[in-house]
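The residues making up each chain are set out below.
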4 protein chains.
Amino acid sequence: MYFASDNAGPAHPRVIEALAAANDGYAMPYGVDASMERVRDRLREIFEAPEASVHLVATGTAANALALACMTRPWETVFCTRMAHIEEDECGAPEFYTGGAKLTLVDAPDGMMTPDTLAAAVDPLMGRAVHNVQPGPVSLTTVTERGSVYPLDRIAAVADAARARGLKVHLDGARFANACAALGCTPAELSWRAGIDALSFGGTKNGLLGVEAVIFFDPAVAREFELRRKRGGHLFSKHRYLSAQMEAYLADDLWLTMARSANAACARLVAGLSRLDHVTLLHPADANIVFCRFPRALHRRAHEAGAAFYSLDPIEGEGDARARLVCDWSASDENTDRFLSLLA
Amino acid sequence: MYFASDNAGPAHPRVIEALAAANDGYAMPYGVDASMERVRDRLREIFEAPEASVHLVATGTAANALALACMTRPWETVFCTRMAHIEEDECGAPEFYTGGAKLTLVDAPDGMMTPDTLAAAVDPLMGRAVHNVQPGPVSLTTVTERGSVYPLDRIAAVADAARARGLKVHLDGARFANACAALGCTPAELSWRAGIDALSFGGTKNGLLGVEAVIFFDPAVAREFELRRKRGGHLFSKHRYLSAQMEAYLADDLWLTMARSANAACARLVAGLSRLDHVTLLHPADANIVFCRFPRALHRRAHEAGAAFYSLDPIEGEGDARARLVCDWSASDENTDRFLSLLA
Amino acid sequence: MYFASDNAGPAHPRVIEALAAANDGYAMPYGVDASMERVRDRLREIFEAPEASVHLVATGTAANALALACMTRPWETVFCTRMAHIEEDECGAPEFYTGGAKLTLVDAPDGMMTPDTLAAAVDPLMGRAVHNVQPGPVSLTTVTERGSVYPLDRIAAVADAARARGLKVHLDGARFANACAALGCTPAELSWRAGIDALSFGGTKNGLLGVEAVIFFDPAVAREFELRRKRGGHLFSKHRYLSAQMEAYLADDLWLTMARSANAACARLVAGLSRLDHVTLLHPADANIVFCRFPRALHRRAHEAGAAFYSLDPIEGEGDARARLVCDWSASDENTDRFLSLLA
Amino acid sequence: MYFASDNAGPAHPRVIEALAAANDGYAMPYGVDASMERVRDRLREIFEAPEASVHLVATGTAANALALACMTRPWETVFCTRMAHIEEDECGAPEFYTGGAKLTLVDAPDGMMTPDTLAAAVDPLMGRAVHNVQPGPVSLTTVTERGSVYPLDRIAAVADAARARGLKVHLDGARFANACAALGCTPAELSWRAGIDALSFGGTKNGLLGVEAVIFFDPAVAREFELRRKRGGHLFSKHRYLSAQMEAYLADDLWLTMARSANAACARLVAGLSRLDHVTLLHPADANIVFCRFPRALHRRAHEAGAAFYSLDPIEGEGDARARLVCDWSASDENTDRFLSLLA
């Protein structure tokens, strides 16, 4: 019964097999191996972006911070929501990699910006003198940290609002696969067709050991990214082991298969929770994350029974406490049902 | 016939097996898994340093830059040799991670500092006013980028000279295992007993996929290191796959076995080269790297035959050109002999 | 009729005289001149802090950013209000000088924090893992950017709340003199006795050409400050011209005389405005800044008549628009009355 | 008898008068005052560069570091000589302002680069992979820290070598006026006509209180410079006091008059020294700095008699010690002769 995070689940066996297969003799280091060529070609194909600049790094924080550093001057500010990973969970990595840029928080009641909340944050900074930090890129996240998934037209509307102000749009796609699966759309629809300039295409939370692709639709950024990646210590000498993971991930749409599996597990969980009167669902659970509220006594019972999940309030005493539950690709129906039975 | 770099060889099969074994169900992320506990304990044991602060990162550049950032204020300068990896091969990562510190070059004719060359670089900066950058740590490398290995008493002498000036000593140990094997000494002798304050204990060049341990003998640095690691994007969520590699590396002294194998391959290569009249060895090849010089025609013949190595001069025309040859743990005698036969 | 800013008024004639007097022959550069000794001694005396570390810089932004850089690690966050100069008006200087720290905004309805609003901002960051930026210093401003002046007990209460959480307290005292004059308190009462660890003691907005003193009550910071100042390009070679300004400022309490004059001008302005039915005062005008609201037609009339002040809303059309009016030490009664007559 | 530095002499009386004259009523802050307009126009005229971007800062370190920050990406390296002010005397300000760029040292036996020594430093970095820092701008200094002045054709040759490699050229012109006076050339000849892209036009060492103009011949840099200046805390609110100094400096060629005076004082000093058998001149003293060597006993006698200058070796005991002597605009013949008599 593991619902703490999708980064605590195992890698898919095919990924381990791919690593073993890649472990054959010598390979050119630093990403000039043949498998990286195949990964680049395949990602360009999947994203319908034959010119895209494609790079691999091993962590989501590196993917975000390096991408944003290529899009932001030190005296600019990045627009994101208060619960964005770049604001809340990266210990200032974007500030570090950009050379001291700011993050400006955009209202997002359901975890998602609107064109209006973005405008409310950006417009006071437009056309300002040198006393003020200057508007930089907008950074969206989908699946959001609230479990919601931006509808395509909402991304497009926000991206339009950004573009109308001369701002680029970045997408933190740590759970891009889950969002794509939830929307039933293509990667192109969820990225450049919706106005995204750069994104991370996450694998770590979705069945890899640790690989994220960073994709820029403007290929001119490639050289700067690669210099920043090396300078940040994120260029792997034995890069073949990153490429191999990503290659397995893309083969036969394993990435989508795993994301669908995680989302289905979450749907089963949500369905079960919604049948329980004393459980209140707190946000729309569009993909593989659900927030809910239930009695503290049940929190305690579940934890004691070995269920791993985050209780977001203290769980001593009476009354409800909130919980965050995340499903990964490997979550089984049995596990979900066992957890549900604990809450019944 | 692969002598380009030890980072292009395969991982040891036991490491792949360890990854597969680690890929079992859920594990706590971010380095709080049980395998990291075992790795920490084992490294403290091997280094005879029960209080040491131990951390894993995936690249040598990250290991160096993060360690140095914890030892250097932005207005200080790091003392290293001209051919040090931190000076030559990290695209300014130390400058980036330290917040803009300098690197001051110390003379090292055989790739290694002496107490005198260090003093010559440091002393003009001692006691200087605020106009000057201030002396920071000394960073040594062994195996050096010239293939030499610091004798223990030379490290101690240099470290004494540093300490006498109030400076800490860092060791870039990307090839620590090869140095240890070459010297036949213990890890403690090659580190804190010789006056080293912090080091990287490299695995990537010696049979892992990508893991380096960073060890501080002063445990007070641990928290700062971990904040800098996260901020740098180098904290792995699925950290168990780093721990598992390192655990396999330490088990049954696999790290030493592999290093000895690489050094032995190099020794066989050196022995063969020294029998060839038209080949001149350029530096003492103390571990697994050899520099030599031989006729350009033989460079061309070897490359055409598929040998992978760095020719350090243009290889068109007549006369000798220099070569760098590196052996990894997996180098076979057959390969070495085949290469030697090409040069005969 | 100049109410745009107190940084647009002239320097006091005695300051110019002091510059001329200082311009006599040779003087040791870089702040080791005799006048800096006198300034240091006098500031320590005025602040009743015989050990304080005292430094001069030429701009308020430098004073704030350098002081905060000595109090903040790169992975920490500074707590300030949304309208703080460091947040709004320094183009990210604190982020730059700290090496990429964040600023976390504390609620302050009247321009001033309370212990509770501070706690609400700090407490969620206390004891957090490495994923989060860590709590750094609290930065207060008095006179605030809303024209209010922190009562002494309110500073003390906020500083206590900070200290209880292990946080240092910085005071942006660009208008320290005006606050001191408004409160009728001593500099010690408005600083270390209220729990302030470091402050800028501003002169630029109060009759100097451009000098701010930075004072740390912990003298151990001195060396770091001086290194950061030099590295930031803020150490003046001909430092005597900074010292001379500050010396004249301190002599015969000129700083207080000028601040009282500015505050008195503002009080006269406020009294006049409050007699006008169509003018609404917006915040308590505790020192030399007043915010008010009056009909757009009067904005236009005043601007056309040559009054210099900031209209904070567009002034075309009907209805009220807000204005900010700032008085400097040189503001004459005639000017104030002439301005008031335009609004009558 | 003051020969320690030209930054220890007084400002010219006309500069003090200009400050007093500028101290009249209100002036728009932050460099939008009328006097800055006049300064900009006049500098463009003097430099025959009607489009040049012109900015004022108060220190030479700020001028250099801000200019270089606009010309250098964080992963690049600046080429300069070992004795350059940016390398030796700015406590890492260029590293700080550029976000961690390196400085690569170019050989310069007489204090000046040649196209060949520049090429020897640059060429090994041309076309390198991401492992290496990338070539950035070349930074020259004239008058050099050895007292020499680059002949115009030598600047042009070095700048050509830079441009041929795609590199920009920066000139640290802290003593630009002295160099210009020494060469008898125009400012345009000593800057853009010789291939300089950006320079500081120093005033602080030549009779101002503290002002340097930074000039970019490419006006596209203006906005970035102004953002960096503000972010660095170097934008003066009461900017009129910088403008006024510079305006007085430019009026009636006061800058040239003062530089000629300093150079003439130095020439008189050199002539006197060269008549003394026991004094050896060490470098060509092309402008206002002279290096020489004379008996330690005379060092002691001169210091005891109150002469201020830098002895570059310990002065106890026997034999010669080196001295650096710098003349400023206010140096009188009497002073020089009195000093010479001490050495006789």
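Scroll up to find the structure.
What you see is a predicted model; the values in this text were computed from it and never measured.

## Overview of the packing of aromatic side chains
Part 1 of the reasoning: Throughout the structure, instances matching the rule amount to 54 aromatic pairs over all chains.
Part 2 of the reasoning: Taken together, a centroid distance of 5.2 Å and an interplanar angle of 70° make the contact between Phe201 of chain C and Trp255 of chain C edge-to-face. One end of the pair, Phe201 of chain C, is in strand β6 (residues 198–202); the other, Trp255 of chain C, is in helix α11 (residues 254–274), and 54 residues separate them in sequence.
Part 3 of the reasoning: Given a relative accessible area of 0%, Phe201 of chain C falls into the buried group.
Part 4 of the reasoning: Through a chain of ring-to-ring contacts, the aromatic side chains of Phe47, Phe176, Phe201, Phe217, Tyr249 and Trp255 of chain A assemble into a single cluster.
Part 5 of the reasoning: The ring of Phe291 of chain A is capped by Arg146 of chain A, whose NZ or CZ atom sits 5.6 Å from the centre of that ring.

## Remarks on the packing of helix α3 (residues 60–69) of chain C against helix α9 (residues 222–231) of chain C
Residue and element names in this part refer to chain C.
Part 1 of the reasoning: As a packed pair, α3 and α9 sit with axes 9 Å apart at the nearest point and diverge in direction by 130°. If you check the angle between α3 and α9, you find them oblique. Seen from above, α3 lies across α9 with right-handed handedness. Between α3 and α9, the residues in contact are Leu66, Ala67 and Ala69 and Glu224, Phe225, Arg228 and Arg229, respectively.
Part 2 of the reasoning: When the residues that make up the contact of α3 with α9 are grouped by side-chain class, the tally is 4 nonpolar, no polar and 3 charged.

## Comments concerning the environment of Ala93 of chain A
Part 1 of the reasoning: When you line up the elements, Ala93 of chain A lands in helix α5 (residues 93–98).
Part 2 of the reasoning: Along the backbone, Ala93 of chain A and Ala69 of chain A are 24 residues apart, and their C-alpha atoms lie at a distance of 9.8 Å.
Part 3 of the reasoning: When neighbours within four sequence positions are excluded, Ala93 of chain A is seen to be in contact with Thr61 and Ala65 of chain A together with Arg231 of chain B.

## Side note on the interface of chain C and chain A
Part 1 of the reasoning: Listed as interface residues are 16 residues of chain C and, on the opposing side, 16 residues of chain A.
Part 2 of the reasoning: Carbon and sulfur atoms supply 44% of the area that chain C and chain A bury against each other, a total of about 1,300 Å² over both sides.
Part 3 of the reasoning: Among the residues of chain C in contact with chain A, Cys91, Lys102 and His131 of chain C are the three that bury the most area, contributing 39% of the side total.
Part 4 of the reasoning: Summed over the shared surface of chain C and chain A, the result is 6 salt bridges.
Part 5 of the reasoning: Two residues, Glu95 of chain C and Lys102 of chain A, come together in a salt bridge whose shortest N-O distance is 2.6 Å.

## Some details on the interface of chain B and chain A
Part 1 of the reasoning: Chain B puts 48 residues into the contact, and the matching count from chain A is 49 residues.
Part 2 of the reasoning: When chain B packs against chain A, the two sides together hide about 4,100 Å² of surface, and 58% of this comes from carbon and sulfur.
Part 3 of the reasoning: Between the two partners, chain B and chain A, sit 0 salt bridges.
Part 4 of the reasoning: Our count for the contact surface shared by chain B and chain A stands at 36 residue pairs in polar contact (both at pLDDT 80 or more).
Part 5 of the reasoning: Breaking the side of chain B that touches chain A down by element, the ones donating at least two residues are α1 (13–22), α3 (60–69), α5 (93–98), α9 (222–231) and α10 (240–250) of chain B.
Part 6 of the reasoning: Here the side of chain B that touches chain A is built from residues that sort into 25 nonpolar, 15 polar and 8 charged.

## Brief notes about the sheet that holds strand β11 (residues 320–326) of chain C
Sheet strands pair via backbone hydrogen bonds, and the direction of the pair is either parallel or antiparallel.
Residue and element names in this part refer to chain C.
Part 1 of the reasoning: Across the sheet, 4 strands lie side by side as β8-β9-β11-β10; this open sheet has antiparallel pairing. The open sheet terminates on both sides in strands that have one partner only, identified here as β8 (280–281) and β10 (310–311).
Part 2 of the reasoning: Examined bridge by bridge, strand β9 (residues 289–295) and β11 share 7 bridges and lie antiparallel to one another. Directly across from Pro295, in β11, lies its bridge partner Asp320.
Part 3 of the reasoning: Set on the sheet, α11 makes contact with β8, β9 and β11; between it and β9 the angle comes to about 25°.

## Re α9 of chain B
Part 1 of the reasoning: Along α9 of chain B, 7 of the 10 residues are buried, which leaves the element largely enclosed by surrounding structure.
Part 2 of the reasoning: Among all positions in α9 of chain B, only Glu224, Phe225, Leu227, Arg228, Arg229, Lys230 and Arg231 of chain B are buried.

## Concerning the relation of the copies chain C and chain A
Part 1 of the reasoning: Once chain C has been moved 0.1 Å along the axis and rotated by 180°, it coincides with chain A to within an RMSD of 0.0 Å. Both chain copies can therefore be described as sitting about a two-fold axis. Taking C-alpha positions as the reference, the residue of chain C nearest the rotation axis is Gly100 of chain C, at 2.0 Å.
Part 2 of the reasoning: A share of 100% of the interface residues of chain C reappears at the interface of chain A, consistent with the copies meeting face to face through the same patch.

Conventions used here
Residues numbered from 1 in each chain as written. Chains lettered and ligands numbered in written order. Predicted model: local features only at pLDDT ≥ 70, side-chain atom pairs only at ≥ 80, totals over all residues. Heavy atoms only, no water. Phe/Tyr/Trp six-rings, centres within 6.5 Å; stacked < 30°, edge-to-face > 60°. Helix = DSSP H or I, 4+ residues; strand = E, 2+ residues; numbered from the N terminus. Buried < 20%, exposed > 50% of the residue type's maximum accessible area, 1.4 Å probe, protein only. Lys NZ or Arg CZ within 6 Å of the ring centre and 35° of its normal. Axes fitted to C-alpha atoms, helices over the stretch in contact; angles between N-to-C directions. Parallel < 35°, antiparallel > 145°, perpendicular 65-115°, else oblique. Left-handed = near helix turned anticlockwise from the far one by under 90°. Contact = heavy atoms within 4.5 Å. Nonpolar A, V, L, I, M, F, W, Y, C, P; charged D, E, K, R; others polar. Buried area = accessible area lost by both parts, 1.4 Å probe. Salt bridge = Lys/Arg side-chain N within 4 Å of Asp/Glu carboxyl O. Polar contact = N/O pair within 3.5 Å; in protein donor to acceptor, adjacent residues only side chain to side chain. Pairing = 2+ DSSP bridges. Least-squares fit on C-alpha atoms with pLDDT ≥ 70 in both.

Worth remembering: the numbers are spatial, not functional.
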